[in-house]
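# Tertiary structure, described
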Amino acid sequence: MSEERKSADFFSECQSLFPGGVNSPVRSWRSVGGEPFIVERGEGPYLFDLDNNRYIEYLNSWGPLVLGHAPSAVIEAVTQQLAKGWSYGAPAVPEFLLGKEIQRFVPALEMMRFTSSGTEAVMHAVRVARGFTGRQKIVKFEGCYHGASDPLLAKAGSGVATLGLPDCAGVLPAVVADTLTVPFNDLAAVEAIFDAYPNEIAMLVLEPVIGNSGYIPPRPGFLEGLRTLTRRDGALLCFDEVMTGFRVSLTSAQGLFGVTPDLMTFGKVIGGGFPVGLYGGRKDVMNVVAPLGPVYQAGTLSGNPAGMAAGLATLAEWTKPGVFDKTAEATSNLVQGLMERAKRFNIPFTAGNSGTMFGFFFQDGPVYSYEDAKRSDVARFKKFFYSMLERGVYLAPSQFEAGFVSAAHTGDVIEATLEAAHESFKQL
Ligand SMILES: Cc1ncc(COP(=O)(O)O)c(C=O)c1O
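Residues numbered from 1 in each chain as written. Predicted model: local features only at pLDDT ≥ 70, side-chain atom pairs only at ≥ 80, totals over all residues.

## Considering unusual backbone geometry
Geometrically, the link from Ala290 to Pro291 is a cis peptide bond, its omega value of 10 degrees lying close to zero. Counting through the fold element by element, Pro291 comes out in the loop between α10 (283–286) and α11 (305–318). Residue Pro366 is reached from Gly365 by a cis peptide bond, and omega for that bond is 0 degrees. Tracing the backbone shows Pro366 in the loop between β12 (357–361) and α13 (370–373). (Helix = DSSP H or I, 4+ residues; strand = E, 2+ residues; numbered from the N terminus.)

## Side note on helix α12 (residues 323–344)
Between its first and last C-alpha atoms α12 spans 32 Å; for 22 residues at 1.5 Å apiece the expected length is 32 Å, and the two agree. Looking only at α12, the buried set comprises Thr327, Ala328, Ala330, Thr331, Leu334, Val335, Leu338, Arg341 and Ala342. Angular distribution of buried residues about the axis of α12 spans 160 degrees; they occupy a single face of the element. Residues of α12 that are exposed and angled more than 90 degrees away from the buried face: Lys343 and Arg344. Residues of α12 that are buried sit in contact with β11 (350–354), β12 and α15 (411–427). Among the residues trailing α12, Asn346 stands out with phi positive, at a value near 55 degrees. (Expected span 1.5 Å × (residues − 1). Buried ≥ 20, exposed ≤ 12 C-beta atoms within 10 Å, placed from the backbone. Arc of directions from axis to C-beta. Contact = placed C-beta atoms within 7 Å.)

## Regarding the nonpolar core
In this structure, Ala129, Met203, Leu204, Leu236, Cys238 and Leu263 are the most contacted members of the largest nonpolar core, which totals 119 residues. Counting residues domain by domain, this core receives three or more from each of domain 1 (6–70 + 321–427) and domain 2 (72–318). Excluding anything up to four places from it in sequence, Ala129 contacts Ala202, Met203, Leu236, Cys238 and Leu263. (Core = buried A, V, L, I, M, F, W, Y, C linked by C-beta atoms within 7 Å. Domains from an automatic or database assignment.)

In short, geometric facts, not functional conclusions.
The structure is reproduced here in structure tokens:
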């Protein structure tokens, strides 16, 4: 690593401008107790900082960049769109094309609406579910993160977990009074909630594979069980696929596990790193959305043509034969390689992946809930994080975040990562 201090100096300037120096809390590195480098540019699987350090990186903008940084196909498509204007506030072709393309892989998305972020998408899905069912309560799982809207911040993952925040100040008790939380992978707890509030629950929402308390997969039968319970009660089942969408498989988590939700949300990959979100699902449910029905929802930049062009070009490359499978294989190799190397040094460690999304915990595991995840050795994670960084590998700066591999992470990049991991585990 270079000895220059441009990143450090610049970050101290940022701290006077932005809370914690950042525009989204987990970027602050608070949970690993340091200061982030300042990005100068991204290229393929690498980030470069202001001090000319190069990092192999496994965040990919926290998921969206399935092709790595600045792929030429996306640059070209967005540039072409920019020449025609980038925001019309009127219907245009790109939103139709992207909607159709997403629907081709996720047919349960019978009708949809684009938003500008994942937060908005889930926030609006909650309103739609309440408007459709006439019920008030929603059920979510401990450690699942669904964006930063008020009703969904109860026992959330991501920054809320990373920073160990108990609850969010400024959220009125009345606003979360109808948010019920249960442990992930605990079907009996979900059944008990439905027994306690029959015909009162509008929607059960979850990350079908958790990525916001670290990587936590569903136990076999869990998603199917949720489908049965929600259907029996008349509650809507919503898969928040903002992270898992086009990441765990091309047909997303619902295709991978063969469980079809009533409502679903997307973001991240579908915008190729531009600010794009989406919610939708059953046509009869979406019929309540204005102007068809009484549930109001709107957005000045929704369906933004530049974002749509980025999403379309990203999906065109990502869905080419073999691209996803090869990236998923690279992800499995990374995960297996990490486990083998940790074992060499007798370090309690568990890791896993679904498609191109992965995670690891410094504990023996298995990890099936946020409670399990919290048993990890975070001090050890912190040492590992910095040791990897020192060797030019940038991992998510928290034990409670997932990692992402892109098509630009070729075999030699994975191998270089595993060499860094070997040296890092040796020093723990
Ligand atoms: C599962 C899930 N839902 C919703 C969101 C919120 O999306 P955004 O950050 O685009 O508002 C995230 C963000 O990480 C997410 O992972």
